[in-house]
Amino acid sequence: MQSTSLIGRAPNRRRFTLALAAGAASVAAPAWSQPAWPSKPIRIIVPYTPGGFTDQMARLVQPGLQKALGQTIVIENKPGANSILGVDALAKSPADGSTFGVVIAAYAANTTLYPKLPYNPAKDLTGVALLGVSPLVAGVSNSAPFKTASELIDYARAHPGKISFGSSGNGSAAHLTTELWKMQTRTFMVHIPYRGAAPALTDLIGGQIPLFFDAATGLINPGKAGRVRLIGVAGDKRLPVLPDTPTFIEQGFKDFTGSTWAGLLAPAGTPRDIVQRVNSEINKLLASDEIKARLDAMGTFVGGGTPEDFNRFIAAETAKWSKVIKAAGVTADG
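Residues numbered from 1 in each chain as written. Predicted model: local features only at pLDDT ≥ 70, side-chain atom pairs only at ≥ 80, totals over all residues. Heavy atoms only, no water.

Engineer: Kindly report on the environment of Pro193, identifying the contributing residues and their values.
Structural biologist: Relative to the helices and strands, Pro193 resides in strand β6 (residues 190-193). Owing to a relative accessible area of 40%, Pro193 belongs among the partly exposed residues under this scheme. The spatial distance from the C-alpha of Pro193 to the C-alpha of His175 is 7.8 Å, given a sequence separation of 18 residues. Filtering out sequence-adjacent residues up to four positions away, Pro193 remains in contact with Ser167, Gly169 and Asn170. (Helix = DSSP H or I, 4+ residues; strand = E, 2+ residues; numbered from the N terminus. Buried < 20%, exposed > 50% of the residue type's maximum accessible area, 1.4 Å probe, protein only. Contact = heavy atoms within 4.5 Å.)

Engineer: I'd love a proper account of unusual backbone geometry, names of residues and values included.
Structural biologist: The omega torsion of the bond from Trp37 to Pro38 falls at -5 degrees, within 30 degrees of zero and hence cis. For Pro38, the location among the structural elements is in the loop between α1 (2-28) and β1 (42-46). For Ser83, which is not a glycine, the phi torsion comes out positive at approximately 85 degrees. Within the fold, Ser83 resides in the loop between β2 (73-77) and α3 (84-91). Within the chain, Arg186 stands out as a residue other than glycine whose phi angle is a positive 55 degrees. Mapped onto the fold, Arg186 is located in the loop between α7 (173-185) and β6.

Engineer: Outline the packing of α7 against helix α12 (residues 307-328), supporting the account with residue identities and numerical values.
Structural biologist: Running from N to C, α7 and α12 cross one another at 65 degrees; their axes reach a closest spacing of 10 Å. For the element pair α7 / α12, the angle class is roughly perpendicular. Relative to α12, α7 is oriented so that their crossing is left-handed. Residues Leu176, Thr177, Glu179, Leu180 and Met183 of α7 form the contact with α12, whose participating residues are Lys320, Trp321, Val324, Ile325, Ala327 and Ala328. Its residues placed into classes, the contact of α7 with α12 shows eight nonpolar, one polar and two charged. (Axes fitted to C-alpha atoms, helices over the stretch in contact; angles between N-to-C directions. Parallel < 35°, antiparallel > 145°, perpendicular 65-115°, else oblique. Left-handed = near helix turned anticlockwise from the far one by under 90°. Nonpolar A, V, L, I, M, F, W, Y, C, P; charged D, E, K, R; others polar.)

Engineer: Please provide a residue-by-residue account of the pattern of salt bridges, values included.
Structural biologist: Scanning the model with the defined rule gives 11 salt bridges in all. Linking Arg272 and Glu308 is a salt bridge whose minimum nitrogen-to-oxygen distance equals 2.5 Å. Of this pair, Arg272 sits in helix α10 (residues 272-286) while Glu308 sits in helix α12, placing them 36 residues apart in sequence. Under the relative-accessibility criterion, Glu308 is labelled partly exposed at 31%. We note a salt bridge from Lys284 to Glu281, for which the minimum N-O separation is 3.8 Å. (Salt bridge = Lys/Arg side-chain N within 4 Å of Asp/Glu carboxyl O.)

Engineer: Give a description of the side chain of Thr54 that names residues and reports values.
Structural biologist: Tracing the sequence through the fold places Thr54 in helix α2 (residues 53-69). Judged by its relative accessible area of 3%, Thr54 is buried. Residues in contact with Thr54, not counting those within four places in the same chain, are Val46, Tyr48, Val102, Val103 and Ile104.

Engineer: Please set out helix α8 (residues 197-206) residue by residue, giving values where relevant.
Structural biologist: For α8, the full list of buried residues reads Ala200, Leu201 and Leu204. Considered in projection along α8, the buried side chains sweep an arc of 100 degrees and stay on one side of the axis. Turned more than 90 degrees off the buried face of α8, the exposed positions are Ala198 and Thr202. Summarising the contacts, the buried residues of α8 are in contact with β4 (125-141), β5 (164-167), β7 (211-215), α9 (216-224) and β8 (228-233). Gly207 occupies a position one or two residues after α8 and carries a positive phi of about 85 degrees. (Arc of directions from axis to C-beta.)

Quick look at the structure:
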């Protein structure tokens, strides 16, 4: 009886041994799987030259994100073709969480301005996080024959085509916001595109152009120093850094808003958990007092929200500026 009992239990012992071996194999399996992200340096493509608003916003979050992720993050400036070269490089990068990019309002406008983009914004790229929104501020030359928004409109209507306005380039936020202003105020002014905001600001200060809408970061110091007059903020509330400059809405220009903004994108197909992780870390950074203070000083409101929120924001901006571009007949060449 004893030997029969032992023989009967032998298969059970073999099954138990096999089960232990299978369990050990399953525990050991992760050692052969993909390394935990991020396992290599991350790059953030900035499709503009160093020093501008886009570059500033990328470098604003770079140190904190690098610390949170425990991996080196390199900023790669890749300017050209109104940001198209850099965005195309991002769209064609591996969707493995090793490459992100920062874009601004021109990204939304380009969808309409350039019918044959080398990438498809809806299919090749996805939003990660909105970093910040900077309502444009209207700066007027001290030599201009108008000092307020109402005086500007009266003069423009009395002298159609006699007022020129600068922008940082065709299809830029500065250009399209002024086109929207023209449409809403039924005025005619002549557009002078510059190769960036800096030369336009120089000519505004020098009196070569009487009007320039730009991100607050460029106009704050000249405005406070009295080198230009700041006549309005194209947002729904005043900027803390310019508390005495009213919004155009306050001045009776209903619903007139125009801004530049910055946000982080990733190639489409980037794993969801990676996108969520980066979004979460960005939101933590934006909630810090240090980042808020730095954004306030730039005349920029804190962004944040989910990746889906940012995708919806981009869609709304694309639709808004598409209407302006078509109604005003704006092209990439002028």
